[in-house]
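Commentary on secondary and tertiary structure
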Amino acid sequence: MKIRLLITLIAILFSMAIVTAQDKHLSVEDSIYFSEPYPYVLPIMGAKVHSVKIRPPLPFGVMVNALAGYQKLALDNMAVGFGNYTNAGSPTMIDISDFVVFDETKAQTSTYNVRLDAWVLPFLNVYGIVGKTKKADININLEKPFPLSVSTEVTGTYVGYGAMLAGAVGPVFVSLDGNQTYSYNPRLDKPAKISLAGLRTGPVFKFNSKPEMNVSFWVGAMYNHFNGDTEGSIGALDLAPDAPAHINEMQTSLDNWYNNLGTVDQIKYAIPYNLLEEGLTRLEDDVENGYINYAFTKAIEHPWNMVVGGQYQYNYHWQLRAEIQFLGDRTAGLFSLNYRFGIRGKNWFSK
C-alpha cells in the first residue's frame, strides 16, 4: 500500500504540467474527457492522474526517425599486415599503435529507425528501436610512420531498447532519456554496442483556441559512448593511381620517420620497423596480388555534446520534431514523425 501511494504521488508530481490552467480553463473537449473514467489500460495509475485533471500523452506511440551527420573518432590498437592473394592464410599483423599518428578521423552517417514506445507509468516511458544504417563512411588517414588512406563504407541493421523519465512544472518540462543499441554488420564478428543518454528541458506553448495543439522547444546535453573493432583490407593497386610509386613513397616516409627517432626509440621500435620495411618491399615486388590488412578500435574521445530542438504537436495523435546536435565530437540533425494512440480497457492498478 505504501509503495502504491508513493508511486501515485510521484506520478502526480511528474505529470503536473499546467495543472492550474487546466482547472480554470478547460476546453469543452477536455471537460467531457475528464467527466468520464480514464479510458486506457496504460499508464499504470493513469486514472489517479486523470482524477486531478491532468491529461498525459496517449500511452502508445510509433515514431519514425531519420538522422544524418558526422562523428569524430579516436582510433587505437592499430595494426597492419602485408599479404598476397596468391598465398593462403592471413598475414601476420604488426602492432603500430605506440607510434602511429592519425589525421582527424570522421565517420559520416545516414540512418533511420522506427521506435515503439509505451508510457508504463505517468512519468516513465519505455521503448524499443529497430533501424538501418543506410550509409556510414569512415575515412582514416595515417600520417606516420607512412602515409596511408583507408575508407570504409558500413551499412547494416541495429536494434535496441531504452527508457525515459519525464515530467513538468508549469509550462516547463524536463526529460532524462537513455538507450542502448546493437549494430550488426557482415564485417563484424559481434555487434557493436552504442550507448546514448540525454537530458532535455524547455517550455511548452499551448494554443488557447486549440488545447490539443502546442509547440515546445528545448536545450540539453547528450552523452555518446561506443567501442568498435574494425578490420579490413586494401589492395596495393587501390592505394593510389600509381601504386608502385606510392609504395616507394611509403617506404621513404617510413625510413625518414625511423631515422629521425632518438637512439632509445630506434632500439625500441626496431622490430616493427623491420617488419614494416619487409612488408612494403614484398608489396612493391608483387603489386597486382599484394594487399594490406588493417585492424583498429574506434571510440569517442569527447562524448558530450549539446542539443537544441523543437516539436509541433498538431493534436494528441500527431507530432513533428526536429533536433540539432553539436559541439563535442558529434554534429547531426534529427527529424521525427510520431503517432500516438491508446488501447482502451481497465486501467492497471487504478484502485
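This structure is a prediction, so every number in the text was calculated from the model and none was measured.

What counts, and at which threshold
- Residues numbered from 1 in each chain as written.
- Predicted model: local features only at pLDDT ≥ 70, side-chain atom pairs only at ≥ 80, totals over all residues.
- Heavy atoms only, no water.
- Helix = DSSP H or I, 4+ residues; strand = E, 2+ residues; numbered from the N terminus.
- Buried < 20%, exposed > 50% of the residue type's maximum accessible area, 1.4 Å probe, protein only.
- Areas by Shrake-Rupley, 256 points an atom, 1.4 Å probe, with all protein chains shown as cover.
- Salt bridge = Lys/Arg side-chain N within 4 Å of Asp/Glu carboxyl O.
- Core = buried A, V, L, I, M, F, W, Y, C linked by side-chain atoms within 4.5 Å.
- Contact = heavy atoms within 4.5 Å.
- pLDDT = per-residue confidence, 0-100.
- Phe/Tyr/Trp six-rings, centres within 6.5 Å; stacked < 30°, edge-to-face > 60°.
- Lys NZ or Arg CZ within 6 Å of the ring centre and 35° of its normal.
- Pairing = 2+ DSSP bridges.
- Expected span 1.5 Å × (residues − 1).
- Arc of directions from axis to C-beta.

A word on the overall build of the protein chain
- Summing up its helical and strand segments, the protein chain has seven helices and 13 strands in all.
- Counting only residues that meet the buried cut, the protein chain has 44% of its 351 residues in that class.
- Surface summary for the protein chain: the accessible area is close to 18700 Å², and the carbon and sulfur share equals 60%.

Re the pattern of salt bridges
- Scanning the entire structure with this criterion turns up two salt bridges.
- D117 is the partner of R340 in a salt bridge, and the nearest nitrogen-oxygen pair spans 2.7 Å. Placement of R340 in strand β13 (residues 330–341) and of D117 in strand β4 (residues 105–121) is noted, with a sequence separation of 223 residues between them. Neither residue differs from the other here; R340 and D117 are each classed as buried.

Quick notes on the nonpolar core
- Membership of the largest hydrophobic core comes to 37 residues, with the highest contact counts inside it found for M78, F82, I96, L148, L239, L276 and I292.
- Of all elements in the fold, only β1 (60–84), β5 (124–144), β6 (148–169), β9 (210–235), α5 (243–259), α7 (270–285) and β10 (290–299) reach the threshold of two or more residues within this core.
- Leave out the neighbours within four places in its chain, and L276 touches V80, F82, I94, I96, F99, P145, F146 and L254.
- Membership of the second largest hydrophobic core comes to eight residues, among which are L42, M45, F60 and A118.

Let's talk about the confidence of the model for the protein chain
- Here the protein chain shows a mean pLDDT of 84. Residues at 70 or above account for 88%.
- Counted against residues more than four places away or in other chains, residues 15–24, with its pLDDT under 50, gives 22 contacts.

Quick notes on the packing of aromatic side chains
- In total, this model carries 15 aromatic pairs according to the counting rule given.
- Ring geometry for Y33 versus F34: centroids 5.1 Å apart, planes at 75°, classification edge-to-face.
- Look at F34 and you get buried, because its relative accessible area is 12%.
- Ring pairs connect the aromatic residues F99, W257, Y258, Y269 and Y273, which therefore count as one cluster.
- Residue placement shows R55 over the ring face of Y316; its charged tip is 3.9 Å from the ring centre.
- The positively charged end of R115 is found above the aromatic ring belonging to Y127, 4.3 Å away from the centroid.

Observations regarding the environment of G232
- Structurally, the position occupied by G232 is in strand β9.
- Owing to a relative accessible area of 23%, G232 belongs among the partly exposed residues under this scheme.
- When the C-alpha atoms of G232 and V80 are compared, they prove to be 9.7 Å apart, with 152 residues separating the residues in sequence.
- Residues in contact with G232, not counting those within four places in the same chain, are I292, N293 and Y294.

Considering the pairing of strand β12 (residues 318–326)
- In the sheet, strand β11 (residues 304–313) pairs with β12 via eight bridges, with the strands oriented antiparallel. Bridge assignment links Y312 to a residue of β12, and that residue is L320.
- The antiparallel hairpin formed by β11 and β12 contains four residues in its connecting segment.
- As paired strands, β12 and β13 are joined by eight bridges and run antiparallel to one another. Bridge pairing in β13 links Q319 to N338.
- Taking the residues between adjacent antiparallel strands as the criterion, β12 and β13 are bridged by three residues, where L327 takes a positive phi near 65°.

Describing α5
- With 17 residues, α5 extends 24 Å from end C-alpha to end C-alpha; this agrees with the ideal 24 Å at 1.5 Å per step.
- All buried positions along α5 are accounted for by A243, H246, I247, M250, Q251, L254, W257 and Y258. Burial along α5 is one-sided: seen end-on, the buried residues are contained in an arc of 145°.

Some details on unusual backbone geometry
- A cis amide bond links L42 with the next residue in sequence, P43, at an omega value of 0°.
- Here P43 is to be found in the loop between α3 (28–35) and α4 (46–51).
- We note that K53 has phi near 60°; this positive angle belongs to a residue other than glycine.
- Looking at where K53 falls in the secondary structure, it is placed in the loop between α4 and β1.
- Here K53 falls in the partly exposed class, since its relative accessible area comes to 32%.
- Residue N77 is not a glycine yet carries a positive backbone phi of 55°.

Focus on the pairing of β10
- Of all ten residues that make up β10, nine are buried, and the element is covered over most of its length.
- Strand direction decides the pairing type here: β1 and β10, joined by nine bridges, are antiparallel. Directly across from D76, in β10, lies its bridge partner T297.

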